[in-house]
Amino acid sequence: MTTASPENARRILVVDDNESSAMTLSWAMEMYGYEVRTCYDGVSAVEVAEDFQPEIVLLDIGMPVMDGYEVCRKIRNNPALCSTRIVAQTGWGDAETRRMAREAGFDEHLTKPVDLWALKDMLDNNTQTPH
(Lines give C-alpha, C1' and ligand atoms only; values in the text may rest on other atoms or scores of the structure.)
Protein backbone atom coordinates (compact mmCIF):
# COMPACT_ATOMS: atom_id res chain seq x y z
CA MET A 1 0.00 0.00 0.00
CA THR A 2 1.35 3.39 -1.00
CA THR A 3 0.60 6.36 1.22
CA ALA A 4 1.13 10.05 0.68
CA SER A 5 3.79 11.83 2.67
CA PRO A 6 2.30 14.20 5.29
CA GLU A 7 3.36 17.30 3.39
CA ASN A 8 1.77 15.96 0.19
CA ALA A 9 -1.36 14.45 1.77
CA ARG A 10 -4.56 15.33 0.01
CA ARG A 11 -7.28 16.82 2.20
CA ILE A 12 -10.50 14.80 2.22
CA LEU A 13 -13.75 15.61 3.99
CA VAL A 14 -15.98 12.60 4.73
CA VAL A 15 -19.64 13.40 5.45
CA ASP A 16 -22.21 10.78 6.47
CA ASP A 17 -24.92 10.76 9.13
CA ASN A 18 -24.18 7.07 9.72
CA GLU A 19 -21.29 7.53 12.13
CA SER A 20 -20.00 3.97 11.72
CA SER A 21 -19.88 4.33 7.96
CA ALA A 22 -18.22 7.74 8.19
CA MET A 23 -15.61 6.55 10.66
CA THR A 24 -14.80 3.44 8.59
CA LEU A 25 -14.34 5.46 5.42
CA SER A 26 -12.31 8.12 7.25
CA TRP A 27 -10.11 5.46 8.81
CA ALA A 28 -9.49 3.87 5.42
CA MET A 29 -8.60 7.23 3.87
CA GLU A 30 -6.19 7.95 6.74
CA MET A 31 -4.60 4.53 6.25
CA TYR A 32 -4.05 5.48 2.59
CA GLY A 33 -2.21 8.59 3.79
CA TYR A 34 -4.82 11.30 3.27
CA GLU A 35 -5.49 14.11 5.73
CA VAL A 36 -9.11 13.56 6.73
CA ARG A 37 -11.87 15.43 8.55
CA THR A 38 -15.18 13.76 9.35
CA CYS A 39 -18.66 15.25 9.78
CA TYR A 40 -21.99 13.61 10.56
CA ASP A 41 -24.39 16.29 9.30
CA GLY A 42 -24.72 18.79 6.50
CA VAL A 43 -24.49 21.97 8.56
CA SER A 44 -21.16 20.90 10.07
CA ALA A 45 -19.94 19.77 6.64
CA VAL A 46 -20.39 23.25 5.16
CA GLU A 47 -18.59 24.85 8.10
CA VAL A 48 -15.71 22.36 8.08
CA ALA A 49 -15.34 22.64 4.30
CA GLU A 50 -14.95 26.41 4.60
CA ASP A 51 -12.27 25.99 7.28
CA PHE A 52 -10.47 22.84 6.06
CA GLN A 53 -10.56 23.66 2.32
CA PRO A 54 -10.66 19.99 1.24
CA GLU A 55 -9.59 18.92 -2.22
CA ILE A 56 -12.21 16.18 -2.14
CA VAL A 57 -15.53 15.78 -0.32
CA LEU A 58 -17.02 12.27 0.00
CA LEU A 59 -20.62 13.22 0.70
CA ASP A 60 -23.64 11.12 1.63
CA ILE A 61 -26.87 12.30 0.02
CA GLY A 62 -29.51 11.03 2.44
CA MET A 63 -28.99 13.05 5.60
CA PRO A 64 -31.57 14.76 7.83
CA VAL A 65 -31.88 18.55 8.19
CA MET A 66 -29.55 19.40 5.27
CA ASP A 67 -29.22 16.67 2.67
CA GLY A 68 -26.17 16.09 0.48
CA TYR A 69 -27.69 17.93 -2.47
CA GLU A 70 -27.99 21.12 -0.44
CA VAL A 71 -24.50 20.67 1.06
CA CYS A 72 -23.09 20.25 -2.44
CA ARG A 73 -24.84 23.40 -3.70
CA LYS A 74 -23.55 25.43 -0.72
CA ILE A 75 -19.98 24.23 -1.30
CA ARG A 76 -20.28 25.00 -5.03
CA ASN A 77 -21.48 28.53 -4.20
CA ASN A 78 -18.33 29.25 -2.16
CA PRO A 79 -15.65 30.73 -4.47
CA ALA A 80 -12.88 29.45 -2.16
CA LEU A 81 -14.07 25.89 -2.80
CA CYS A 82 -14.61 26.12 -6.56
CA SER A 83 -11.99 23.48 -7.37
CA THR A 84 -13.16 21.01 -4.68
CA ARG A 85 -14.11 17.65 -6.14
CA ILE A 86 -17.41 16.45 -4.65
CA VAL A 87 -18.23 12.75 -4.78
CA ALA A 88 -21.66 11.43 -3.80
CA GLN A 89 -21.41 8.23 -1.80
CA THR A 90 -24.87 6.92 -1.17
CA GLY A 91 -27.05 3.85 -1.07
CA TRP A 92 -29.20 5.35 -3.81
CA GLY A 93 -27.97 4.45 -7.28
CA ASP A 94 -31.05 4.94 -9.46
CA ALA A 95 -31.07 7.18 -12.54
CA GLU A 96 -33.14 9.92 -10.86
CA THR A 97 -30.73 10.18 -7.91
CA ARG A 98 -27.77 10.36 -10.29
CA ARG A 99 -29.51 13.09 -12.33
CA MET A 100 -30.28 15.11 -9.20
CA ALA A 101 -26.67 14.68 -8.01
CA ARG A 102 -25.32 16.03 -11.31
CA GLU A 103 -27.72 18.97 -11.14
CA ALA A 104 -26.66 19.75 -7.56
CA GLY A 105 -23.02 19.90 -8.65
CA PHE A 106 -21.56 16.52 -7.72
CA ASP A 107 -18.59 15.50 -9.85
CA GLU A 108 -19.14 11.78 -9.36
CA HIS A 109 -21.61 9.34 -7.86
CA LEU A 110 -20.63 6.17 -5.98
CA THR A 111 -23.15 3.64 -4.72
CA LYS A 112 -22.55 2.11 -1.28
CA PRO A 113 -20.91 -0.07 -0.34
CA VAL A 114 -18.00 1.78 -1.93
CA ASP A 115 -15.11 -0.35 -3.19
CA LEU A 116 -12.23 1.22 -1.22
CA TRP A 117 -9.51 0.14 -3.68
CA ALA A 118 -11.44 1.61 -6.62
CA LEU A 119 -12.03 4.79 -4.61
CA LYS A 120 -8.33 5.09 -3.78
CA ASP A 121 -7.44 4.56 -7.44
CA MET A 122 -9.94 7.25 -8.46
CA LEU A 123 -8.56 9.69 -5.89
CA ASP A 124 -4.90 8.99 -6.75
CA ASN A 125 -5.36 9.05 -10.51
CA ASN A 126 -8.16 11.58 -10.93
CA THR A 127 -10.21 8.94 -12.74
CA GLN A 128 -13.82 7.97 -12.34
CA THR A 129 -14.73 4.76 -10.57
CA PRO A 130 -17.11 2.27 -12.14
CA HIS A 131 -20.67 2.88 -10.97
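In this text, all values refer to a predicted model and were calculated from it rather than measured experimentally. (Residues numbered from 1 in each chain as written. Predicted model: local features only at pLDDT ≥ 70, side-chain atom pairs only at ≥ 80, totals over all residues. Heavy atoms only, no water.)

A. Focus on the sheet that holds strand 1 (residues 11–15). Spatially, the 5 strands line up as an open sheet ordered 2-1-3-4-5, and their pairing is parallel. Looking at the sheet topology across the chains shown, the edges are occupied by strand 2 (35–39) and strand 5 (108–111). Ignoring which end each strand starts from, the neighbouring axes of this sheet average 20° apart. Alignment of strand 4 (residues 85–90) against strand 5, held across 4 bridges, turns out to be parallel. (Pairing = 2+ DSSP bridges. Helix = DSSP H or I, 4+ residues; strand = E, 2+ residues; numbered from the N terminus. Axes fitted to C-alpha atoms, helices over the stretch in contact; angles between N-to-C directions.)

B. Highlighting helix 5 (residues 116–125). Every buried residue of helix 5 is accounted for by Leu 119, Lys 120, Met 122 and Leu 123. Seen end-on, helix 5 carries its buried residues on one side only, within an arc spanning 160°. Of the residues flanking the start of helix 5, the one acting as N-cap is Asp 115, its side-chain oxygen 2.9 Å from the backbone nitrogen of Trp 117. (Buried < 20%, exposed > 50% of the residue type's maximum accessible area, 1.4 Å probe, protein only. Arc of directions from axis to C-beta. Polar contact = N/O pair within 3.5 Å; in protein donor to acceptor, adjacent residues only side chain to side chain.)

C. Local environment of the pattern of salt bridges. Enumeration according to the criterion identifies 10 salt bridges in this entry. Among the salt bridges present, the one from Glu 55 reaches Arg 11, with a minimum N-O distance of 3.9 Å. You can see Glu 55 sitting in the loop between helix 2 (42–52) and strand 3 (56–59) and its partner Arg 11 sitting in strand 1, a full 44 residues away along the chain. Assessed through its relative accessible area of 27%, Glu 55 is described here as partly exposed. (Salt bridge = Lys/Arg side-chain N within 4 Å of Asp/Glu carboxyl O.)

D. Layout of the side chain of Ser 26. Within the fold, Ser 26 resides in helix 1 (residues 19–31). Discounting residues that sit within four places of it in the chain, Ser 26 has contacts with Val 14, Val 36 and Thr 38. (Contact = heavy atoms within 4.5 Å.)

E. Summary view of the pairing of strand 1. In terms of burial, strand 1 is largely enclosed, as 4 of its 5 residues are buried. Here strand 1 runs beside strand 2; their pairing, made up of 5 bridges, is parallel. When the bridges of strand 2 are listed, Val 14 appears paired with Thr 38. The handedness of the strand 1 to strand 2 crossover, carried by helix 1, is right-handed. Strand direction decides the pairing type here: strand 1 and strand 3, joined by 4 bridges, are parallel. Across the sheet, residue Val 15 finds its bridge partner in strand 3, namely Leu 59. (Right-handed = clockwise from strand over helix to strand, strands pointing away.)

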